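Structural characterization, general
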Amino acid sequence: QVQFVESGGGLVQPGGSLRLSCSASGFTFSNYAMSWYRQAPGKERELVAAISSTGIRKNFGDFVKGRFTISKDNAKATAYLQMDSLKPDDTAMYYCNGGYGYPSFTWGQGTQVTVSS
């Protein structure tokens, strides 16, 4: 069965950085694009970033462009989200899933990111 395990979240100050990891299993990771999403309390889930199966193409939400970087390691079946210059508005639960902005599988547990002074 397909599983995603997100990790790397935590509490950081505004302007700080975090690197999120998404360990995937149960499907051929190298054949799939991967995406990161986030959901804050009372808000809809939104796409943060996407990366093609080979890692050549990337797409970012306008609200994080220039601050976040997405990558994937097909050998490790792991996707990453490097987050820099974090803002309080980035506070949310972060999730990963297969597909280029179109989630294909059951969601994992997510990892909490809190940006606060």
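Now for a quick tour of the structure. None of these values were measured; they are calculated from a predicted model.

Turning our eyes to something else, we now look at the sheet that holds strand β7 (residues 68–73). Through backbone hydrogen bonds, the strands of a sheet pair up, either in parallel or in antiparallel fashion. Strand order in the open sheet made by the 4 strands is β1-β3-β8-β7, with antiparallel pairing throughout. The open sheet is flanked by β1 (3–7) and β7, the only strands paired with a single partner. Adjacent strand axes in the sheet meet at a mean angle of 15 degrees, parallel and antiparallel pairs treated alike. When β7 meets strand β8 (residues 78–83), the two strands line up antiparallel, connected through 6 bridges. The residue bridging T69 from the neighbouring strand is Q82, located in β8.

Tallying each qualifying case throughout the model produces 8 aromatic pairs. Measuring from ring centre to ring centre gives 6.2 Å for F27 and F29, while their planes differ by 45 degrees; the resulting arrangement is tilted. F29 matches F27 in its accessibility class, with the two residues each being buried. The positively charged end of R19 is found above the aromatic ring belonging to Y80, 4.2 Å away from the centroid.

Moving on: the state of the cysteines. For the coordinates displayed, the defined rule picks out 1 disulfide. A sulfur-sulfur distance of 1.9 Å marks the disulfide that ties C22 to C96. Taking the sign of the torsion about the S-S bond as the criterion, the disulfide between C22 and C96, at about 65 degrees, is right-handed. With C22 in strand β3 (residues 18–25) and C96 in strand β9 (residues 92–98), this residue pair connects regions lying 74 residues apart in the sequence. Its relative accessible area of 0% is what places C96 among the buried residues.

Along the chain, R67 falls in the loop between β6 (58–60) and β7. Not counting chain neighbours up to four residues away, the residues in contact with R67 comprise Q82, M83, D84, S85, L86, K87 and D90.

Moving on to the environment of G61. With respect to the element layout, G61 can be found in the loop between β6 and β7. Using a relative accessible area of 13% as the deciding quantity, one classes G61 as buried. On a C-alpha basis, the gap between G61 and A50 in space is 8.9 Å, while along the polypeptide they are 11 residues apart.

In this section: the nonpolar core. Judged by nonpolar contacts, the single largest core of 28 residues is most densely connected at M34, W36, V48, F68, L81, M83 and Y94. A per-element tally of this core places β3 first, with 4 residues.

How each quantity is defined
- Every residue gets a number counted from 1 within its own chain, in the order that chain's sequence is written.
- Reporting in this predicted model follows two pLDDT cut-offs: at least 70 for local features of residues, and 80 or more for side-chain atom pairs to be given and counted; totals over whole chains, interfaces and linings ignore these cut-offs and use all residues.
- Only heavy atoms go into the side-chain values, all of them from the structure, while hydrogens and water stay out.
- A pair of strands is labelled paired if DSSP reports no fewer than 2 bridges between them.
- What counts as a helix is a DSSP run of H or I of at least four residues, what counts as a strand is a run of E of at least two, and both are numbered from the N terminus.
- A fitted line through C-alpha atoms serves as each axis, taken over the contacting stretch for helices, and the angle formed by two N-to-C directions is quoted from 0 to 180°.
- The rule is short: rings of Phe, Tyr and Trp, with Trp giving its six-membered ring, pair when the centres are within 6.5 Å, and they are stacked under 30 degrees, edge-to-face over 60, tilted in between.
- Accessibility here uses a 1.4 Å probe with only protein chains present; expressed as a share of the type maximum, an area under 20% marks a residue as buried, one over 50% as exposed, and anything in between as partly exposed.
- In this analysis the charged atom, NZ for Lys or CZ for Arg, is taken to sit over a ring once it is within 6 Å of the ring centre and within 35 degrees of the ring normal.
- Throughout, a disulfide means two cysteine sulfur atoms within 2.5 Å of one another.
- Note on contacts: a residue pair is in contact if any heavy atoms of the two residues lie within 4.5 Å.
- Definition of nonpolar core: a set of buried residues of the types Ala, Val, Leu, Ile, Met, Phe, Trp, Tyr and Cys, connected through side-chain atoms within 4.5 Å.

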